[in-house]
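Residue strings, one per chain:
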Amino acid sequence: MSVNPIVFNNTVLRDGHQSLAATRMRTEQMLPVVELLDGVGFGALETWGGATIDSCLRFLGENPFDRLDALKRLSPKTPHMMLLRGQNIVQYTSFPDDVVSAFVKCSAEHGMDIFRIFDALNDIRNLKTAFRAVKEAGKHAQGVICYTTSPVHTVETFIKLGEELEAIGSDSVCIKDMAGLISPSMSYELVKSLKQRLKVPVVLHTHSTAGMGAASYYAAIEAGVDEVDTSIAPFANGTGQPDTLLMQKMLEQSPRKPSYDVEKLHQLREHFDGVYEELSDFTSPRNERVDSDILIYQVPGGMLSNFRNQLKEQGMADRLEEVMREIPYVREQLGWIPLVTPTSQIVGTQAMLNVKFGRWKMLSQPAMDILLGKYGRTPGRVDAERRKQAERQANQEAIECRPADVLEPRLPALKAELAARQFPDADEVAVLHAMFPQELKKILTRASAPVTPTVTPGKENPAKRSAAVSGTVSRYRLMINGTPYGVSVETLD
Ligand code: CO
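Residues numbered from 1 in each chain as written. Predicted model: local features only at pLDDT ≥ 70, side-chain atom pairs only at ≥ 80, totals over all residues. Heavy atoms only, no water.

### A few points about the overall build of the protein
Rules: Strands here are runs of E lasting at least two residues and helices are runs of H or I lasting at least four, both read from the DSSP assignment and numbered beginning at the N terminus. The cut-offs for exposure are 20% and 50% of the maximum accessible area for each residue type, with area from a 1.4 Å probe on protein chains only; residues under the lower value are buried, those over the upper are exposed, and the others partly exposed. For this analysis, residues touch if any pair of their heavy atoms sits within 4.5 Å. To be clear on the numbers: accessible area is Shrake-Rupley with a 1.4 Å probe, and residue cover counts the displayed protein chains and nothing else.
When helices and strands are tallied, the protein shows 23 helices and 10 strands. Buried positions account for 58% of the 493 residues belonging to the protein. For the protein, long-range pairs separated by at least 24 residues make up 76% of all intrachain contacts whose partners lie at least 6 apart in sequence. Accessible area for the protein stands at about 19,300 Å²; split by element, carbon and sulfur atoms hold 52% of it.

What follows is the structure, given as structure tokens:
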């Protein structure tokens, strides 16, 4: 067994508030402790990516690159890490290679050090362009194994994926258990095998949603994992990562016990206690407790709570059991895709449609796209009959190639669009324009005016709360762990 102390990466500035406060932490709420965070000696600070870029633009009136600059200035010692959705960048559909490359280049120029790159289907072809761009920028490319459970996902298939990730140039490999589904025994097994077969460091990322997070880390550490991700309470535990102090304490007599300064961790906790209060419009006791439903249904916690709301809106609140039983069937027909944003929503919605209208009487557009190969290669084969149905309805043939191979370069057109509106057309503006055109326009239009935050600290806004929690058809929006999904028709101004 390895006896080097375990390294903790800190997620409080990204996944911590994405999982527990709908990604609403503002830069000004981070700044007072960024130097302190930098001084703890974490392996990395996860500060960007995932839903933070969307949230900055959509809800907080912030330029995400300005946030990165500000954080980087105050924490120059610790490497910064971001979550990148491969060819989807930080959105849910594929972008052309030139846009992906430009995004990576700009992020690297603004100081991003470690790019954690995943694809929802674990289709390695969707990672390659981002990998190439990270390498060209001289930065660290971390390849990701999206963890899920299904008959076609075994320790062996995950190990094989790990080897492929190493072969395409991963500087480290991360097991990303976005749903908190991995058990301690599986963590042990998977880490042990990966450590035997790979040369690069192995990282485990999980969530405490089902109550297994800390125990799974413990088992992974026993098996020799190099790094795990922890957060700072109250932006920890529950739907987030295990708390740093808790995790250190669990390892008290372990030869791999880390020695992060308890006094500093305490100061961080005190600061974030205050921020958690300020964000009370977006926090929920539901996120803080152990959700054992996950263990029964094997679906991400965020997906389940979102789903209850969605069913209520459809007048189907009493049919949850039926819909949940439909999910494994839909997953099988769609090639056993992992349940991670956005595929969790695609499977969930299709299961709901099947129950409501009869199996496959209505095929949702995204489910059709999965069947047509537009997201990439599925882990198992999609059902042949379903594929034919999708081809018929879409009046086009399914593709086998890498989805971005059918996309034309878009950067020049994006820049031309910006220039035509007298907006700046630098690469970093163009890549945001590609992903969030409406939201970016709002920011650019009021760039000269002082930016007003959409939330007043500590002040309850009942209208916004009910929109986020129950929603109505006119304000329809899907939220998974704070990630808005689909087209939002809700106006916040
Ligand atoms: Co996560």
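### What to know about the pairing of strand β3 (residues 80-84)
Quick reminder of the rule: Paired strands, in this sense, are two strands between which DSSP finds at least two bridges.
With 5 of its 5 residues buried, β3 lies for the most part within the structure. Across the two faces of β3 the burial is the same, with His80, Met82 and Leu84 and Met81 and Leu83 all buried. Of the strand pairs in this sheet, strand β2 (residues 45-49) and β3 are connected by 4 bridges, and their pairing is parallel. Within the sheet, the bridge partner assigned to Leu45 lies in β3 and is His80.

### Some points on the coordination of the cobalt ion
For clarity, the cut-off: Metal donors were taken as nitrogen, oxygen and sulfur atoms no farther than 2.8 Å from the ion, or 3.2 Å where the ion is Na, K or Ca. Water is excluded, so coordination may look unfinished.
Looking at the cobalt ion, the protein donor atoms are Asp15 (OD), His205 (NE2) and His207 (NE2), and they sit 2.1 to 2.2 Å from it. Sequence positions of the donors to the cobalt ion reduce to the motif D-x189-H-x1-H. Of this pair, Asp15 sits in helix α1 (residues 12-20) while His207 sits in the loop between β7 (202-205) and α10 (213-222); the two residues are 192 residues apart in sequence, bridging distant segments of the chain. Summarising the burial analysis for this pair, Asp15 and His207 share the class buried.

### Concerning the packing of aromatic side chains
In plain terms, the rule: Aromatic contacts are taken between Phe, Tyr and Trp rings whose centres are within 6.5 Å, Trp giving its six-membered ring; a plane angle under 30 degrees counts as stacked, one over 60 as edge-to-face, and the others as tilted. Throughout this description, the term charge over a ring refers to an Arg CZ or Lys NZ atom that lies within 6 Å of the ring centre and within 35 degrees of the ring normal.
This structure, assessed with the given rule, holds 8 aromatic pairs. With a centroid separation of 5.9 Å and an interplanar angle of 15 degrees, the aromatic rings of Trp48 and Phe103 are classed as stacked. One end of the pair, Trp48, is in strand β2; the other, Phe103, is in helix α6 (residues 97-109), and 55 residues separate them in sequence. Centroid distance Tyr329 to Trp360: 6.1 Å. Interplanar angle 50 degrees. Geometry classified as tilted. You can see Tyr329 sitting in helix α16 (residues 320-333) and its partner Trp360 sitting in the loop between α17 (343-357) and α18 (365-371), a full 31 residues away along the chain. We classify Trp360 as buried; its relative accessible area is 6%. Lying over the aromatic face of Phe59, Arg24 brings its terminal NZ or CZ to 3.6 Å of the ring centre. Arg359 extends its terminal NZ or CZ atom over the ring of Tyr329, reaching a point 3.6 Å from the ring centre.

### Section: the packing of helix α8 (residues 155-167) against helix α9 (residues 184-197)
How we decide: With axes taken as lines fitted to C-alpha atoms, and helix axes fitted only over the stretch in contact, angles between N-to-C directions fall between 0 and 180 degrees. In these notes the angle categories are as follows: under 35 degrees is roughly parallel, over 145 is roughly antiparallel, 65 to 115 is roughly perpendicular, and the rest is oblique. Left-handed describes a crossing in which the near helix is turned anticlockwise from the far one by less than a right angle; the clockwise case is right-handed. In the scheme used here, Gly and all other residues not listed as nonpolar or charged are polar, with Ala, Val, Leu, Ile, Met, Phe, Trp, Tyr, Cys and Pro taken as nonpolar and Asp, Glu, Lys and Arg as charged.
Following both chains from N to C, one finds α8 and α9 inclined at 40 degrees, their axes separated by 10 Å at the closest point. If you check the angle between α8 and α9, you find them oblique. Here the hand of the crossing between α8 and α9 comes out right-handed. Judged by residue contacts, Val155, Glu156, Phe158, Ile159, Gly162, Glu163 and Glu166 of α8 engage Met186, Glu189, Leu190, Ser193, Leu194 and Arg197 from α9. Partitioned by chemical class, the residues of the contact of α8 with α9 number 6 nonpolar, 2 polar and 5 charged.

### Concerning the confidence of the model for the protein
Let me state the cut-off plainly: Summary of the metric used: pLDDT quantifies the predictor's per-residue confidence within the range 0 to 100.
When pLDDT is averaged along the protein, the result is 89; 90% of the residues meet or exceed 70. Confidence over residues 448-493 falls short of pLDDT 50; this stretch has 84 contacts with residues more than four positions distant or in other chains.

### With respect to the pattern of salt bridges
The line we're drawing: Basic side-chain nitrogens of Lys or Arg form a salt bridge, by our definition, when they fall within 4 Å of a carboxyl oxygen of Asp or Glu.
This structure, assessed with the given rule, holds 24 salt bridges. Salt bridges sharing common partners tie together Arg14, Asp15 and Glu46.

### What to know about unusual backbone geometry
Pro234 follows Ala233 through a cis peptide bond whose omega is 5 degrees. Examined against the element boundaries, Pro234 turns out to sit in the loop between β8 (227-230) and α11 (244-250). Notably, Ile89 is not glycine yet its phi reads approximately 55 degrees, a positive angle. In this structure, Gln422 is a non-glycine residue whose phi angle is positive, near 60 degrees. For Gln422, the position within the fold is in the loop between α20 (411-420) and α21 (427-435).

### Considering the environment of Ile182
Looking at the element boundaries, Ile182 is found in the loop between β6 (172-176) and α9. With a relative accessible area of 1%, Ile182 lands in the buried category. With 31 residues separating them in the primary sequence, Ile182 and Gly213 have C-alpha atoms 8.0 Å apart. With near-sequence residues (within four places) excluded, Ile182 lies in contact with Tyr147, Ile175, Asp177, Ser187, Leu190, Leu204, Thr206, Met212 and Ser216.

### Describing α21
Within α21, 7 of the 9 residues are buried, leaving the element largely enclosed by the surrounding structure. Every buried residue of α21 is accounted for by Val429, Ala430, Val431, Leu432, His433, Ala434 and Met435. For α21, the elements touching its buried residues are α4 (52-60), α5 (64-74), α6, α20 and α22 (437-445).

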